[in-house]
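For reference, the chains in residue letters:
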Amino acid sequence: MTSVAGVLSMSATSATSVCLSCGMRPRRAATRVVSWLAVLVVGLSYGGRSGTASGADDRRFETSDRHVLGTESGRSASVSLGDVDGDGDLDAVVANGRHWPEQNTLFLNNGDGLFLQSRDVGVDRATSYAVPLADLDGDGDLDIAVGNDRVPHMVHRNDGLGVFDPGRAFGSSRIRTRSLTLGDLDRDGDVDIFETNRGDPNRIFLNDGHGGFTAAATFGVATDATIAVALGDLDGDGAVDLALANRDGQQNYVYLNDGRGHFDDPRPYGTGRDETRAVGLADLDHDGALDIVVANIGEPNAVYLNDGHARFPVRIAFGRPDGASYALAIADLDRDGDSDVVVGNVEQENVAYFNDGGGRLGQAEPFGDPTHFTYGVALGDLDGDGYPDIVVANSDAPNVVYVNRPRAR
């Protein structure tokens, strides 16, 4: 399966984040994060489970009153997973404060997928939308980049045991940021930050190698309402390209990297009038090229298959025609060797879609409360059984863990 080269976190996010390979990682390794013209349109809706093969028939996602990230009902925007304390299991960081300032929080995993300890992240409350994890200062543990709306962003450095410093600010106090995505743009071995903004220019911050960030370039156009961006090598040249998710009925674009960190080759994808809230990349059809998955509002979600040259002529729709999808994440949920997709919805059940191996997400497994507002999804093996579990970030409801279990026969 093709991996997203150079990407340590997605997005997320939500921010959405894409997890293409989830699980435990060695102690103090930077990769502990889990932290993408004929048109064929195939509509795949759900009404309970569908399909007859593996996938939804084999797996279910269950929760309990203990499988939560605390009991508070904040305005959570996203969640990221990574082993921040070096004990071999995945911990969770939640971004809180959609529109109004709240406290971001770290939840520590006890090894069984239960989060029984929590710590504040940072001193100030803020309007936070993103908390991607990566080794930002090169010391071998996972740090946190916090993306805030009209408040400067923060980098919180880890002492290696999951204790984070008060933070170092970067960015502007007037930018309407909706996500931060991490990847090595300039191929110097450290992690840079891609900031997406709704109605402001999207920006790239280059890392000085020690976790200090300087704005170096913009991407897209100044009027873009960009909610998220996914990073990956879409044209096979070894450089990180961009797939943008735009709202407000704007055209979605792919921007190809010229190999020097410039994104001057925009290529449209989608219908041109989509309300896209999240985007991810994965090789869904096993042809060696990264495909695009988008979560949309007021229309079905869609897969766009890559022709191998960073063009996306085939669209495969999935989900409800009146969908309200705000987040997605990607992983092999049933361990059959292909990438499946989990979608987080607002006032609709969340859904796990299982790949048939050719990029069609025909089998669906709904989960969660249809009254919840899910704005973030993260995937990772929380209990050590080898299967990715699901964590959702909800607004005005507790954030919930759904454990990936075999279906009883």
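J.: I'd like to hear about the overall build of the protein, residue by residue, with values.
T.: Helix and strand counts for the protein stand at zero helices and 30 strands. Burial status across the protein gives 61% buried among its 409 residues. Entry remark: accessible area of the protein is about 14,300 Å², with carbon and sulfur atoms responsible for 48%.

J.: Could you give me a rundown of the pattern of salt bridges, with the residues and numbers involved?
T.: Should the charged atoms of two oppositely charged side chains come close, the side chains can pair. By the definition in use, this model includes 16 salt bridges. Here E62 makes a salt bridge to R405, at a shortest N to O gap of 3.7 Å. Of this pair, E62 sits in strand 2 (residues 59–62) while R405 sits in strand 30 (residues 400–406), and the two are 343 residues apart along the sequence. Residue E62 is classed as partly exposed on the basis of its relative accessible area, which comes to 29%. For R405, the salt bridge goes to D383, with nearest N and O atoms at 2.9 Å.

J.: Give a description of the confidence of the model for the protein that names residues and reports values.
T.: Across the protein, pLDDT averages 88, with 86% of residues at or above 70. Throughout residues 1–53 the model reports pLDDT below 50, and contacts reaching past four residues in sequence, or to other chains, amount to 181 contacts.

J.: Can you break down the side chain of H372 residue by residue, with the values?
T.: Its place among the elements puts H372 in the loop between strand 27 (363–367) and strand 28 (373–380). In this view, H372 contacts N345, V346, E347, Q348, N394 and A397; residues no more than four positions away in its chain are not counted.

J.: Just give me the short version of the sheet that holds strand 21 (residues 291–296), but keep the residues and values in it.
T.: Two pairing modes exist for strands in a sheet, parallel and antiparallel, and in both the strands are linked by backbone hydrogen bonds. Across the sheet, four strands lie side by side as 20-21-22-23; this open sheet has antiparallel pairing. If you trace the sheet from one side to the other, it starts and ends with strand 20 (276–282) and strand 23 (314–318), each paired once. On average, each strand axis in the sheet is inclined to that of its neighbour by 20°, with strand direction left out of account. Pairing geometry for strand 22 (residues 301–305) and strand 23, over five bridges, is antiparallel. Directly across from Y304, in strand 23, lies its bridge partner R315.

J.: I'd like a rundown of unusual backbone geometry, residues and numbers included.
T.: Positive phi is not limited to glycine here, since R335 has a value of about 55°. Within the chain, E347 stands out as a residue other than glycine whose phi angle is a positive 55°. Here E347 lies in the loop between strand 25 (340–345) and strand 26 (350–354). Residue class for E347 comes out exposed when judged on its relative accessible area of 52%.

J.: I'd like to hear about the pairing of strand 18 (residues 252–256), residue by residue, with values.
T.: Of all the five residues making up strand 18, four are buried; the element is thus mostly covered by neighbouring parts of the structure. Relative to strand 18, strand 17 (residues 241–246) is paired through two bridges, and the arrangement is antiparallel. Paired with L242 across the strands is Y255, a residue of strand 18. Hairpin geometry of strand 17 and strand 18 is characterised by an intervening segment of five residues between the two adjacent antiparallel strands and by a positive phi of about 60° at D248. Of the pairings in the sheet, the one linking strand 18 to strand 19 (residues 265–269) comprises five bridges and is antiparallel in character. Across the sheet, residue L256 finds its bridge partner in strand 19, namely D265.

J.: Please provide a residue-by-residue account of the sheet that holds strand 16 (residues 226–232), values included.
T.: Across the sheet, four strands lie side by side as 16-17-18-19; this open sheet has antiparallel pairing. Of all the strands in the sheet, the pair left with one neighbour each is strand 16 and strand 19. Averaged over neighbouring strand pairs, the angle between their axes works out to 25° when direction is ignored.

J.: Account for the packing of aromatic side chains, with residues named and values stated.
T.: Aromatic ring pairs are reported here in terms of the distance separating the ring centres and the angle at which the planes meet. Taken as a whole and assessed by the stated rule, the structure comprises ten aromatic pairs. Look at Y269 and Y304: their rings are 5.4 Å apart centre to centre, the planes differ by 70°, and that puts the pair in the edge-to-face class. With Y269 in strand 19 and Y304 in strand 22, this residue pair connects regions lying 35 residues apart in the sequence. Y304 shares its class with Y269; the two are buried. Considering the side-chain rings of F367 and Y402, the 4.9 Å spacing of their centres and the 65° angle between planes classify their relative orientation as edge-to-face.

J.: Give me the lowdown on the side chain of Q348, citing residues and values where you can.
T.: Position of Q348 among the secondary structure elements: in the loop between strand 25 and strand 26. Reaching out from Q348, the side chain makes a polar contact with the backbone nitrogen of A324 at a distance of 3.3 Å. Dropping the residues within four chain positions of it, Q348 is found in contact with R320, D322, G323, A324, D369, P370 and H372.

J.: Tell me what's going on with the environment of V131, and back it up with residues and numbers.
T.: Here V131 lies in the loop between strand 7 (128–130) and strand 8 (133–134). The class of V131 is buried, set by a relative accessible area of 0%. Each C-alpha atom of the pair V131 and V146 lies 4.7 Å from the other, and the pair is 15 residues apart in sequence.

Calculation criteria
- For every chain, the first residue of the written sequence is number 1, and numbering continues from 1 along that sequence.
- Totals for whole chains, interfaces and linings use all residues, but because this is a predicted model, local features are given only for residues with pLDDT of at least 70 and pairs of side-chain atoms are given and counted only at 80 or more.
- Side-chain measures here rest on the full set of heavy atoms in the structure, leaving out hydrogens and waters.
- Each helix is a run of H or I in the DSSP string that is no shorter than four residues. Each strand is a run of E no shorter than two, and both are numbered from the N terminus.
- Here's how the labels work: a residue is buried when its accessible area is under 20% of the maximum for its type, exposed when over 50%, partly exposed in between, all with a 1.4 Å probe on protein chains only.
- Reported accessibility uses the Shrake-Rupley method at a 1.4 Å probe radius. Residues are deemed covered only where the shown protein chains occlude them.
- The salt bridge definition used is simple: a Lys or Arg side-chain nitrogen within 4 Å of an Asp or Glu carboxyl oxygen.
- One number per residue, pLDDT, summarises how confident the predictor is, and it ranges from 0 to 100.
- We call two residues in contact when some of their heavy atoms are within 4.5 Å.
- At least two bridges found by DSSP between two strands is the condition for calling them paired.
- Think of each axis as a best-fit line through the C-alpha atoms, taken over the contacting stretch in the case of a helix, with angles from 0 to 180 degrees between the N-to-C directions.
- Put simply, two rings from Phe, Tyr or Trp (the six-membered ring, in Trp's case) pair if the centres are within 6.5 Å, and we call them stacked under 30 degrees between planes, edge-to-face over 60, tilted for the rest.
- Within 3.5 Å is the distance limit for a polar contact, defined as a pair of N or O atoms, with the added protein rule that one can donate a hydrogen and the other accept it, and that residues adjacent in sequence qualify only through two side-chain atoms.

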